[in-house]
Amino acid sequence: MAGYEIVVRGGVVYDGSGAGPVRADVGISGGRVAALGVELPEGVRTIDAAGKWVVPGLIDVHTHYDAEVLLAPGLGESARHGVTSVVIGNCSLSTVYADAEDCADMFARVEALPWDVVHAAVKEHRDWVDPKSYVAALESKPLGVNVAAFLGHSDIRVAAMGLARASDRRARPTRGELRQMVRMLTDALDAGFVGLSTIRSSFSKLEGKRYPGRQLPSTYAPWSEYRALNDLLRERNRVHQSTPNLTSRLEMGHFFLQSAARGHGRPLKTTLISAADIKADRTVVRLATTVAALVNRALGAQFRWQHLPVPFEVYADGIDLVVFEEFGSGVAALNIRDLLRRHEFLNDPVFRRAFRKDMAKKFGSRVWHRDLGDAEIVACPDAAVVGRSFGDIAAERGILAPDALLDLVVEHGAALRWRTTIANDRETELNRLARSPQVQIGFADSGAHLRNMAFYNMGIRFLERVHRDGFMPVERAVHRLTGELAQWYGLDTGRIVPGARADVAVLDPAGFDGSSARYHEAVMPGAAGVRRMVNRNDRAVAATIVNGTLVYENGDFAPGFGTELRAGEFLRAAD
């Protein structure tokens, strides 16, 4: 066949199935892979892939682009890292039903997004009334990558009950309200949503002026409410995504039993965050994967932990970091949103005693290790403290480390920036998790936590480590990032075979030079004046092709990307 729109010439092709690579040309026409062969005729555009890997576009199953896709639909931070499909609507949060103020209150604190940005995105761009018209609204935008979506449980709970009752632990939905939520989910599944997202974590709090400090609405739901929605997901073979309350074994038991085929006739696809090798408790990750394997084997469940395959490094400006939500004194401080009042509170002797006690706690379930000797100051108006830990500062001043942290926060506020790694610091354990069939590669949190996390290039960093260390075959790693996820979520992507959707990334292993882990910042598209942490590894990604359209090549986006160029589509899940 002649007349290909694009020919990717002479690369090593990994087709996303897990099969070994072949050296071949890839011919693309009409948004599909038209041919795979040797010495295909020239295309209208030919991409030289000699010495490079040609892989299916990477899939990012855990993002919070729900506001950004309205403001800047190119989603360029994903496209530049070889990602061609993203899933929004995670962790019970979506913008399908709730109004602008409710959405801003729900997203801003837990996902560390500016309240005004979320509010403006929904208020100014909303022209939908239900899932079907929401999909149409997304499809009308110049998407840079493909978008699939969960329906957020907090979203529909607020729409059915109102935010006041939905975030009140004493309130329960009426039968009519529960029927309304089931109808909402039915409509979303009919529109092609991949499933429902929920949240049980007590870390997740509301922002805004009305109910700040309350948890997200989904956390207050009884399990009878979850079961009614899960029955529909199971019937349609769709996915339940959640953030569990890991401190409660009973909670985890509910998730495992709901996923089981035994007693229900068929399994419920269930994926939770996160399979992480946390420093605070090295036993947790082994236990989590072992129990998941037993549940999947003995009860016929379809349960997967989501796994971030890179060190979980977080940055904090002052004490604005989600891990402070896990203990009482941290929550009390974060609940004070006025920074002047907060700094006065941080100096209160009663608060300081409680803070020292919480920071010194060694037992019980927790995510953060709370070792301030393992926390490096990376920016501060006082240059003398930069590059040192709070433990170092405390020893020098003859005080305790928690007081050193609080003293510097009171003095410098958000100008004090520090970092620590809370999980995934041991490569041997990272390698074991990457090979585990009980986990899926996910949990990048792309589009959220603008000032303390950046894992947009999670897939590139994973492939770089595979290439460097050889702990699994490259074809297996590519499959884990592409075909495996597409199949599990029921999405039409993730393969390079004739007839498949032409979502392709051309990767250059010569660009695996360690730069992918370095710190970078950039302006958030569509939000003037808002800067966020991002990643840069432009030498590693030679080209990104979405539905047969070249959107990114050698560090540059295609003309009209995110404004006029329509490359991405809404990916509808199959039953």
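Residues numbered from 1 in each chain as written. Predicted model: local features only at pLDDT ≥ 70, side-chain atom pairs only at ≥ 80, totals over all residues. Heavy atoms only, no water.

Describing the nonpolar core
- F193, F324 and W418 are the most contacted members of the largest nonpolar core, which totals 138 residues.
- Ranked by residues supplied to this core, first place goes to helix α16 (residues 401–412) with 6 residues.
- Core analysis: the second largest hydrophobic core is formed by 18 residues, I6, A24, A542 and I545 among them. (Core = buried A, V, L, I, M, F, W, Y, C linked by side-chain atoms within 4.5 Å. Buried < 20%, exposed > 50% of the residue type's maximum accessible area, 1.4 Å probe, protein only. Helix = DSSP H or I, 4+ residues; strand = E, 2+ residues; numbered from the N terminus.)

Side note on the packing of helix α8 (residues 175–190) against helix α9 (residues 223–236)
- Between α8 and α9, whose axes approach to 10 Å, the crossing angle comes to 25°. Judged by the angle between their axes, α8 and α9 are roughly parallel. As for the relative orientation of α8 and α9, their crossing is right-handed in sense. Residues L178, M181, V182, L185, T186, L189 and D190 of α8 pack against E225, A228, L229, L232, L233 and R236 of α9. (Axes fitted to C-alpha atoms, helices over the stretch in contact; angles between N-to-C directions. Parallel < 35°, antiparallel > 145°, perpendicular 65-115°, else oblique. Left-handed = near helix turned anticlockwise from the far one by under 90°. Contact = heavy atoms within 4.5 Å.)

Quick word on the side chain of Q215
- On the secondary structure map, Q215 appears in the loop between β9 (195–199) and α9.
- Reaching out from Q215, the side chain makes a polar contact with the side chain of T219 at a distance of 3.1 Å.
- Apart from the residues lying within four places of it in its own chain, the contact partners of Q215 are S167, R169, S201, S202, S204, K205, L206 and Y220. (Polar contact = N/O pair within 3.5 Å; in protein donor to acceptor, adjacent residues only side chain to side chain.)

Thoughts on helix α3 (residues 100–107)
- Most of α3 is tucked away: 7 of the 8 residues are buried.
- Of all the positions in α3, only A100, D102, C103, A104, D105, M106 and F107 are classed as buried.
- Along its buried surface, α3 packs onto α4 (115–125), α6 (153–161) and α7 (163–166).
- Capping the start of α3 is the job of one residue whose side-chain oxygen sits 3.2 Å from the backbone nitrogen of E101: D99.

A short note on the packing of aromatic side chains
- Taken as a whole and judged by the stated rule, the model has 27 aromatic pairs.
- Between W128 and Y134, the ring centres sit 5.2 Å apart and the planes meet at 80°, which makes this aromatic pair edge-to-face.
- Residue classification places Y134 among the buried positions, given a relative accessible area of 2%.
- Residues F327 and F355 carry aromatic rings whose centres are separated by 6.0 Å and whose planes lie at 55° to one another, so their mutual orientation is tilted. Remark: F355 occurs in helix α14 (residues 349–360) and F327 occurs in the loop between β13 (312–317) and α12 (328–334); sequence separation between them is 28 residues. Here the two residues F327 and F355 agree in accessibility, since each one is buried.
- Here the aromatic residues F324, F327, F345, F351, F355, W368, F390 and W418 are joined through ring pairs into a cluster of three or more.
- Over the ring of Y226 we find R200, and its NZ or CZ is 4.9 Å from the ring centre.
- The ring of W488 has K269 lying over it, and the distance from NZ or CZ to the ring centre is 5.6 Å. (Phe/Tyr/Trp six-rings, centres within 6.5 Å; stacked < 30°, edge-to-face > 60°. Lys NZ or Arg CZ within 6 Å of the ring centre and 35° of its normal.)

Considering the side chain of D445
- For D445, the location among the structural elements is in the loop between β16 (439–441) and α18 (458–469).
- Buried charge without a partner: D445 forms no salt bridge, and the closest opposite charge is R532, 12 Å away.
- Of note is the side chain of D445, whose polar atom sits 3.4 Å from the side chain of H64. (Lys, Arg positive; Asp, Glu negative; His and termini not counted. Salt bridge = Lys/Arg side-chain N within 4 Å of Asp/Glu carboxyl O.)

Some words on the sheet that holds strand β15 (residues 417–423)
- Reading across from one edge, β13-β15-β14 is the order of the 3 strands in this open sheet, with antiparallel pairing throughout. Looking at the sheet topology across the chains shown, the edges are occupied by β13 and β14 (376–379). Across the sheet, the axes of successive neighbouring strands diverge by a mean angle of 35°, strand direction being ignored.
- Strand direction decides the pairing type here: β13 and β15, joined by 6 bridges, are antiparallel. Its bridge partner being in β15, D317 is matched across the sheet by R417. (Pairing = 2+ DSSP bridges.)

Points about the pattern of salt bridges
- Counted according to the given criterion, the structure contains 47 salt bridges.
- We note a salt bridge from R80 to D538, for which the minimum N-O separation is 2.8 Å. One end of the pair, R80, is in the loop between α2 (76–79) and β7 (83–88); the other, D538, is in the loop between β19 (531–534) and β20 (541–546), with 458 residues separating them in the sequence.
- With relative accessibility at 9%, the residue R80 sits in the buried group.
- The exposure class assigned to D538 is partly exposed, which follows from its relative accessible area of 28%.
- The salt bridge involving D320 is made with R342; its shortest N-O contact spans 3.2 Å. One end of the pair, D320, is in the loop between β13 and α12; the other, R342, is in helix α13 (residues 339–346), and 22 residues separate them in sequence.

Structural notes on the environment of F256
- On the secondary structure map, F256 appears in helix α10 (residues 249–259).
- Since its relative accessible area comes to 11%, F256 is described here as buried.
- In the structure, F256 is positioned 264 residues away from H520 in sequence and 39 Å away in space, judged by C-alpha atoms.
- F256 has contacts with V291, A292, V295, F303 and W305, leaving out every residue within four places of it along the chain.

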